[in-house]
Amino acid sequence: MDIYTRQRERERKKQESEAMEAPKLLMLILCAFFIGKTLGDGVTPQEAKELRDEVREMFYHAFNGYMDHAFPRDELRPLSCGGEDTLGGYALTLIDSLDTLALLGDRERFTSSVEWIGKNLRFDINKTVSIFETTIRVLGGLISAHLIASDYNTGMRIPTYDDKLLHLAEDLARRMLPAFDTPTGIPFGSVNLLHGVDENESKITSTAGGGTLTLEFGVLSRLTNDPIFEQVAKNAVRGLWARRSKINLVGAHIDVFSGDWTQKDAGIGTSIDSFYEYLLKAYLLFGDEEYLFIFQEAYKAAMHYLFNDPWYVEVNMNSAALVWPLFNSLQAFWPGLQVLAGDIEPAIRTHAAFFSVWRRYGFTPEGFNLATLSVQQGQKSYPLRPELIESTYWLYKATRDPRYLDAGRDMLASLQYGARCTCGYCHISDVEFHKQEDHMESFFLAETVKYLWLLFDLAAGPDNLVENGPYKYIFSTEGHLLPATPQISLVREHCSYFGAYCRNIKLILKTHAPESAETNSSHSQTQPADSSFLSRSNYQSSPFITGLIKRVVIKVAFKEMETICGFACKRPSWQRDSVQG
C-alpha cells in the first residue's frame, strides 16, 4: 500500500469520526492538540526519502512549467500555461528560484540561470514597483545567488562568474533609495525604477513594508562596502519603533511624512508580520544589539497583549482592546520565529492550533474567524503560502518530533491533490470547495517547496548546503539563504546562533504556558524583576475558548534542541530567566 493510499484511508476514517463528533468547537480544540496524540502511521526514513523526492519533482513540475510557458515574464499562469508580469517584468520567478536550484544541487540549471540573468537583466526601466516585494524577492534573490555562485565553500561556485548579480543588486538598491527620503525615514511603499518617487505616490505604507528591509540592505552594504543601504534600512526601523504605543505595540499602516498611524490594529499577521521577524534575524545575522533590544521589547508586548493561548488576535495598539479574533495565514510564521528565539513551548501549542485549521480544510484560508470557527468572509483563498510549512520545518529541526513529518506529509498531499494543475500549482480561491485559480506566485518556488524539501531531507539524512555546508544560514522572509560569513555577520565568536544571544545580554524571553502546565521544580529559577511580563493575565483564555484548555504537558527532545539552539537551549526555556556569561 503506497503512502497516499494510506493517506486517503486515514482521511476517510477521520471524516467518519468527525461526522460522529458533537460540537464543532470541541472538535477544533481536540484537533489543535494533535501534537499530544499519535497520528496514524509515522513517516519512516524510507518514506522521508520518497517524500523528499516527490517534493523535488513538485519543484520541477512548476519550474519547468514556468520556464516553458512563462519565462521571461514574472510569473506563471499554471492553468492556461501562460505568463504574466506582476512586479516589474524581469523574470521574477527565475530570480526567486535561484537559491532553491542551488539547494537542490542542480548545478547545470543554477549556472545557466545565473548566466542568463547576468547578461539580460536590467533595471533602468520605467516601472513603479513595491519596495517591500522588490527587496525580499528580487534584491534578496540576487544577493543570495551571488553569495552561492562566488564561493567555493558552497559547492556551487561558477568558475566564470564575475559578480554580475551583485552589480545588479547594487543598481537596483540605488534605484530604491529615493523612497527613503521622508521626514520619518520610513520609505514610501513604491518607487519608479527610472524616475524615483512619483509626486502622487501614497504616503501610507505598512509596518512590514518599512521594517522588512534590514537583512537584504544590510548584507548589500557589507558586500559593497557602502554603508548607505544598511543606514536607511535601520533608520526605517527606528522610525517605526519611535512611534510605537505606550504599551510597545505597533499598528499596521503609517503615514511616512507625519508619522501618524492610519491603521492602529496591532497583530503578528498581515501588514506587520515580518517587522518582528527581521528584528530578531538582523541581530542573529549582524550581531547588532540594538535590534535585539527592540525585538525583546516588541516580543514581550506581543506575547502579553496578542497571545490568547494558543491563538493570536488583533488589538488596538493603544488600548489593547480586541479588534479581530482572527487567525490569518500570515501568522503561521510565528512558531518558527519562536524556535529561533528559543521559546519552544508556546510555538508547539500555536503550531498545533494553526495546523488544525489546515486539516479541517486541506489548506489554511487567508482568514479564519475564531469567534464563529469558520472561514472569514472574503478571505477564503490559499495562495500557496509557505508560512505554516516553514514553522513545521523549524519545529521538527528543534524537536525531531515525528509528528511534524506527519504534518508535512499531510500538507504535501493537499498540494498534490488540490493545487497541482496543468503546468504548475494553482492558487486555491476557496478552501471549502478547493476551486483552483490561474495564478502561481514566485514564492511557491522560493519558499513553499523549499521548506517542504528541507523538512524531508532533514529526516532522510540531510545532504545540502544549509545543513552540511560551512556556514550557518539565516533565511530571509522570502526564504532566501543569507550565510553568516565573517564578512557579513561580524558577530563575536561567543555569540550563539539559534535560541541564544551574546552571553553579556540578559534574556527576557519566557514561555507563556497556562497556569496548570507542569514543570520540573528541580530546575526552577528566580523570577526576573520585570514580573509583569510573566503576569498570569497574559495567559487567560480568549472568550471563545474559555475553560476548554486546562492542562498541557509538552515533551521536547532537548538534547536534539541543544544541537541547533546552542547555549540558551541547555535547559527548558520556561525554566530559564536569563543567560549570562
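Not measured: the values here are computed from a predicted model.

For helix α6 (residues 131–149), which comprises 19 residues, the first-to-last C-alpha distance of 25 Å matches the rise-based estimate of 27 Å (1.5 Å per residue) to within 8%. Residue Gly140 marks the point of greatest curvature in α6, where the axis turns by about 30°. Within α6, 18 of the 19 residues are buried, which leaves it mostly tucked inside the rest of the structure. The N-capping residue of α6, defined by a side-chain oxygen 3.4 Å from the backbone nitrogen of Phe132, is Ser130.

Our next topic: the state of the cysteines. Note: disulfide means a covalent bond formed between the sulfur atoms of two cysteine side chains. Enumeration according to the criterion identifies two disulfides in this entry. Bridging Cys81 to Cys423, the disulfide has an S-S length of 1.8 Å. For the disulfide bridge between Cys81 and Cys423, the dihedral angle about the S-S bond is near 85°, and by the sign convention the bridge is right-handed. Linking Cys81 in the loop between β1 (75–77) and β2 (82–84) with Cys423 in the loop between α16 (403–419) and β16 (427–430), this pair joins segments that are 342 residues apart in sequence. Accessibility expressed as a relative area gives 22% for Cys81, which makes it partly exposed. With relative accessibility at 5%, the residue Cys423 sits in the buried group. The disulfide partner of Cys421 is Cys426, and the S-S distance across this bridge is 2.3 Å. In this structure, the disulfide formed by Cys421 and Cys426 twists by about 105° around the S-S bond and is classed as right-handed. Classification of Cys421 by relative accessible area gives buried; the value is 10%.

Once that is clear, we can look at the sheet that holds strand β12 (residues 322–324). Read across the open sheet, the three strands follow the order β8-β11-β12; overall the sheet is antiparallel. Of all the strands in the sheet, the pair left with one neighbour each is β8 (265–266) and β12.

Quick look at the sheet that holds strand β15 (residues 374–375) now. Read from one edge to the other, the open sheet built from three strands follows the order β13-β14-β15, with strand pairing classed as antiparallel. In the strand order of this sheet, the two ends are held by β13 (326–328) and β15, each with one partner. Here three bridges tie β13 to strand β14 (residues 367–369), and the two strands are oriented antiparallel to one another. Within β14, the residue paired with Phe327 across the bridge is Phe368. Its contacts with the sheet put helix α14 (residues 344–361) on β13, β14 and β15, and the angle it makes with β14 is roughly 100°.

A cis geometry characterises the amide bond from Phe71 onward to Pro72, with omega recorded as 5°. Relative to the helices and strands, Pro72 is located in the loop between α3 (45–69) and β1. With an omega of 5°, the peptide bond between Asp309 and Pro310 qualifies as cis. Unusually for a residue other than glycine, Ala91 sits at a positive phi of about 55°. Mapped onto the secondary structure, Ala91 falls in the loop between β2 and α4 (92–103). Ala91 sits in the buried class, given a relative accessible area of 1%. Within the chain, Leu384 stands out as a residue other than glycine whose phi angle is a positive 65°.

Another aspect to go through is the packing of aromatic side chains. According to the stated counting rule, one finds 29 aromatic pairs in the structure shown. Ring centres of Trp394 and Phe475 lie 5.7 Å apart, and the angle between their planes is 90°; on these two criteria the pair is classed as edge-to-face. Highlighted residues: Trp394 in helix α15 (residues 387–399) and Phe475 in strand β18 (residues 473–475), separated in sequence by 81 residues. Joined through ring pairs, the aromatic side chains of Phe275, Tyr276, Phe295, Tyr299, Phe307, Tyr312, Phe333 and Trp334 make up one cluster. Here the basic side chain of Lys234 rests over the ring of Tyr291, its NZ or CZ set 5.5 Å away from the ring centre. We note Arg400 situated over the ring of Tyr396; from NZ or CZ to the ring centre the distance is 5.9 Å.

Attention shifts here to the pairing of β16. With three bridges connecting them, β16 and strand β17 (residues 435–437) associate as antiparallel partners. Bridging across to β17, Asp430 finds its partner in Lys435. The hairpin turn running from β16 into β17, its antiparallel successor, is four residues long, and His434 in that turn takes a positive phi close to 55°.

Turning our attention to the confidence of the model for the protein chain. For the protein chain, per-residue confidence averages 83 on the pLDDT scale, and 77% of positions sit at 70 or higher. The model gives residues 15–40 a pLDDT under 50, and that stretch makes 40 contacts with residues more than four places away or in other chains.

Turning our eyes to something else, we now look at the pattern of salt bridges. Taken as a whole and assessed by the stated rule, the structure comprises 30 salt bridges. Three or more residues are tied together by salt bridges with common partners; here these are Glu75, Glu133, Arg137 and Glu441.

For the pair helix α10 (residues 228–241) and helix α12 (residues 289–305), the least separation of the axes is 12 Å and the interaxial angle reads 30°. As judged from the angle between their axes, α10 and α12 are roughly parallel. The handedness of the crossing between α10 and α12 is left-handed. Only Glu290, Tyr291, Ile294, Glu297 and Ala298 of α12 make contact with α10, whose side of the interface consists of Lys234, Val237, Arg238 and Trp241.

Another point: the environment of Val375. Along the chain, Val375 falls in strand β15. We classify Val375 as buried; its relative accessible area is 9%. Separated by eleven residues in the primary sequence, Val375 and Thr364 have C-alpha atoms spaced 9.3 Å apart. Here Val375 is in contact with Tyr361, Pro365, Gly367, Phe368, Lys380, Val431 and Glu432, once residues within four sequence places are set aside.

Counting 167 residues, the largest nonpolar core has Phe110, Leu142, Phe217, Tyr276, Trp334, Leu415 and Phe444 as the members making the most contacts within it. Setting aside chain neighbours within four positions, we find Phe110 in contact with Leu98, Leu101, Ala102, Ala145, Ile148, Ala149, Met156 and Ile158.

Calculation notes
- Residues numbered from 1 in each chain as written.
- Predicted model: local features only at pLDDT ≥ 70, side-chain atom pairs only at ≥ 80, totals over all residues.
- Heavy atoms only, no water.
- Helix = DSSP H or I, 4+ residues; strand = E, 2+ residues; numbered from the N terminus.
- Expected span 1.5 Å × (residues − 1).
- Bend = angle between axes of the 7 residues up to and from the residue.
- Buried < 20%, exposed > 50% of the residue type's maximum accessible area, 1.4 Å probe, protein only.
- Polar contact = N/O pair within 3.5 Å; in protein donor to acceptor, adjacent residues only side chain to side chain.
- Disulfide = S-S within 2.5 Å.
- Pairing = 2+ DSSP bridges.
- Contact = heavy atoms within 4.5 Å.
- Axes fitted to C-alpha atoms, helices over the stretch in contact; angles between N-to-C directions.
- Phe/Tyr/Trp six-rings, centres within 6.5 Å; stacked < 30°, edge-to-face > 60°.
- Lys NZ or Arg CZ within 6 Å of the ring centre and 35° of its normal.
- pLDDT = per-residue confidence, 0-100.
- Salt bridge = Lys/Arg side-chain N within 4 Å of Asp/Glu carboxyl O.
- Parallel < 35°, antiparallel > 145°, perpendicular 65-115°, else oblique.
- Left-handed = near helix turned anticlockwise from the far one by under 90°.
- Core = buried A, V, L, I, M, F, W, Y, C linked by side-chain atoms within 4.5 Å.

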